[in-house]
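Geometric and topological summary
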Amino acid sequence: MAAIKGKNTTPELLVRSALHEMGYRFRLHRKDLPGRPDIVLPKHRVAIFVHGCFWHSHDCRWGAVTPKTRPNFWAEKRGGTVERDKRKDQQLKELGWRVLTIWECETRTSSELTVLLRKALAQTLTQSC
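Structure report, in brief. (Residues numbered from 1 in each chain as written. Predicted model: local features only at pLDDT ≥ 70, side-chain atom pairs only at ≥ 80, totals over all residues. Heavy atoms only, no water.)

Moving on: the environment of S57. Tracing the chain through its elements places S57 in the loop between β3 (46–51) and α2 (71–94). Note: C-alpha distance between S57 and R45 (12 residues apart in sequence) is 26 Å. Here S57 is in contact with G63, R78 and V82, once residues within four sequence places are set aside. At a separation of 3.4 Å, a polar atom in the side chain of S57 contacts the side chain of R78. (Helix = DSSP H or I, 4+ residues; strand = E, 2+ residues; numbered from the N terminus. Contact = heavy atoms within 4.5 Å. Polar contact = N/O pair within 3.5 Å; in protein donor to acceptor, adjacent residues only side chain to side chain.)

As structure tokens, this is what we get:
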């Protein structure tokens, strides 16, 4: 597990590239915010997390995989990650930030990712905190 990257993953780079092409300017991995969001749009007060489907137990086919070795360990570990995600999202919302989660499976094609980002950001930016 030491080889698993936490920053600058391929899905994160794809999201950053799409955001940049759309004209958004952002900051990365802000340590002063709960959960250290992967991407922060300070002007719009939006925190974006790019989650791996397996690690954060997404309900897609990649997130539904259950390892055959030590399944109890993995269930507990992944369950803890989901709980931590909920806590940090709530903390950010309490601080007045909007939270957007992009899943690894949503970054597989760049055109679909761009459409998803446009729609999600438009919806997120029209919401009140």
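Let's shift gears to the pattern of salt bridges. Any two side chains of opposite charge can pair if their charged atoms end up close together. Under the definition given, this model contains four salt bridges. Across the pair R16 and E12 runs a salt bridge whose closest N-O atoms are separated by 3.0 Å. Pair noted here: R16 and E12 are both in helix α1 (residues 10–21), with a separation of four residues, about one helical turn. You can call R16 buried: its relative accessible area is 15%. For the salt bridge of K88 with D85, the shortest nitrogen-to-oxygen distance reads 3.1 Å. Of the two residues, K88 and D85 both sit in helix α2, three residues apart, roughly one turn of that helix. (Salt bridge = Lys/Arg side-chain N within 4 Å of Asp/Glu carboxyl O. Buried < 20%, exposed > 50% of the residue type's maximum accessible area, 1.4 Å probe, protein only.)

Here we take up the packing of aromatic side chains. Summed over all chains, the structure comprises four aromatic pairs. Each residue in the set F54, W55, F73 and W74 is aromatic and connected to the rest through ring pairs, giving one cluster. The ring of F73 has R70 lying over it, and the distance from NZ or CZ to the ring centre is 4.1 Å. Residue placement shows R108 over the ring face of W62; its charged tip is 4.0 Å from the ring centre. (Phe/Tyr/Trp six-rings, centres within 6.5 Å; stacked < 30°, edge-to-face > 60°. Lys NZ or Arg CZ within 6 Å of the ring centre and 35° of its normal.)

Look at α2: 35 Å from first C-alpha to last across 24 residues, which is about the 34 Å you get at 1.5 Å a residue. Burial in α2 covers these residues: W74, R78, T81, D85, K88, D89 and L92. Buried residues along α2 sit against β3 and β4 (98–103). Phi turns positive one or two residues past the end of α2, at G96, with a value near 90°. (Expected span 1.5 Å × (residues − 1).)

Note that every value here comes from positions in space, so none of it alone points to a role or purpose.
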